Amino acid sequence: MKKLAWLAAILALSSAAHAATIAQHTQELRVQGHLDPTTKNGSEVRMNLSYGYFFDDNIQSGIRADITDNKQVSSLGLGAYIEYNVDTGNEIMPFGEFFAGLANVDVEEAGGDDLAGVMELRAGAKFFLAERVAIAVAGVFAYATEKIYPDNAKIRDNDVFLELSLRCYF
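A. Geometry of the environment of Gln24. Secondary-structure assignment places Gln24 in the loop between helix H1 (2-14) and strand E1 (27-39). Between the C-alpha atom of Gln24 and that of Tyr53, which follows or precedes it by 29 residues, the distance is 8.2 Å. When near neighbours in sequence (up to four residues on either side) are disregarded, Gln24 contacts Phe54, Phe55, Asp56 and Asp57. A distance of 3.0 Å separates the side chain of Gln24 from the backbone oxygen of Phe55, its partner in a polar contact.

Okay, here's the thing in structure tokens:
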């Protein structure tokens, strides 16, 4: 029943929200994370904080810091991204993103810290709850220069996951 009430509240708030071109000079603050249920330690949770600046209409670049911590993996990363948004004229705005950065990762089984280069490709959509607030979901493909992503049976140099984010524009 509570889930139905939350859904009704979100739909009511979003009925007046319309995505429009995200204008040049707009700034974005983003909190995002992912849940990956296929790690060796069960579910892994990762949190990211990003700041972006739209240097042209619908095109932004920015920086992101992320932290991952579970029984097997501890990680601290920093990098930069560029994102392109597609203006559809309604509440849903598709986007694509490229991220490149570095991650200092401590994998318990590897016996020490690894510094890895990380590249990520994202494709997803934003749903505007209000004029300056959106939630987004994206599919992510990640690749690292070292084996830093725990999976069911071993540590890999790539990962695929879904990511949910809250984005605020000012």
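B. Focus on the packing of aromatic side chains. A full pass over the atoms with the stated rule returns two aromatic pairs. Seen from their ring centres, Phe54 and Tyr169 are 6.2 Å apart, and the 50° between their planes marks the pair as tilted. Taken as a pair, Phe54 in strand E2 (residues 42-56) and Tyr169 in strand E10 (residues 158-169) lie far apart in primary sequence, 115 residues in all. Residue classification places Phe54 among the buried positions, given a relative accessible area of 0%. Owing to a relative accessible area of 6%, Tyr169 belongs among the buried residues under this scheme. Summarising the aromatic geometry, the rings of Phe128 and Tyr169 are spaced 5.8 Å apart at their centres and angled 25° between planes, so their arrangement reads as stacked. With Phe128 in strand E6 (residues 112-130) and Tyr169 in strand E10, the pair connects residues that are 41 residues apart, well separated along the chain. Exposure remark for Phe128: the relative accessible area of 3% places this residue in the buried category. Taken together, the aromatic side chains of Phe54, Phe128 and Tyr169 make up a single cluster linked through ring pairs. Across from the ring centre of Phe99, 3.9 Å away, lies the NZ or CZ of Arg64, which sits over that ring. Above the face of the Phe95 ring, Arg167 is positioned so that its terminal group lies 4.6 Å from the ring centre.

Rules of the game
- Residues numbered from 1 in each chain as written.
- Predicted model: local features only at pLDDT ≥ 70, side-chain atom pairs only at ≥ 80, totals over all residues.
- Heavy atoms only, no water.
- Helix = DSSP H or I, 4+ residues; strand = E, 2+ residues; numbered from the N terminus.
- Contact = heavy atoms within 4.5 Å.
- Polar contact = N/O pair within 3.5 Å; in protein donor to acceptor, adjacent residues only side chain to side chain.
- Phe/Tyr/Trp six-rings, centres within 6.5 Å; stacked < 30°, edge-to-face > 60°.
- Buried < 20%, exposed > 50% of the residue type's maximum accessible area, 1.4 Å probe, protein only.
- Lys NZ or Arg CZ within 6 Å of the ring centre and 35° of its normal.

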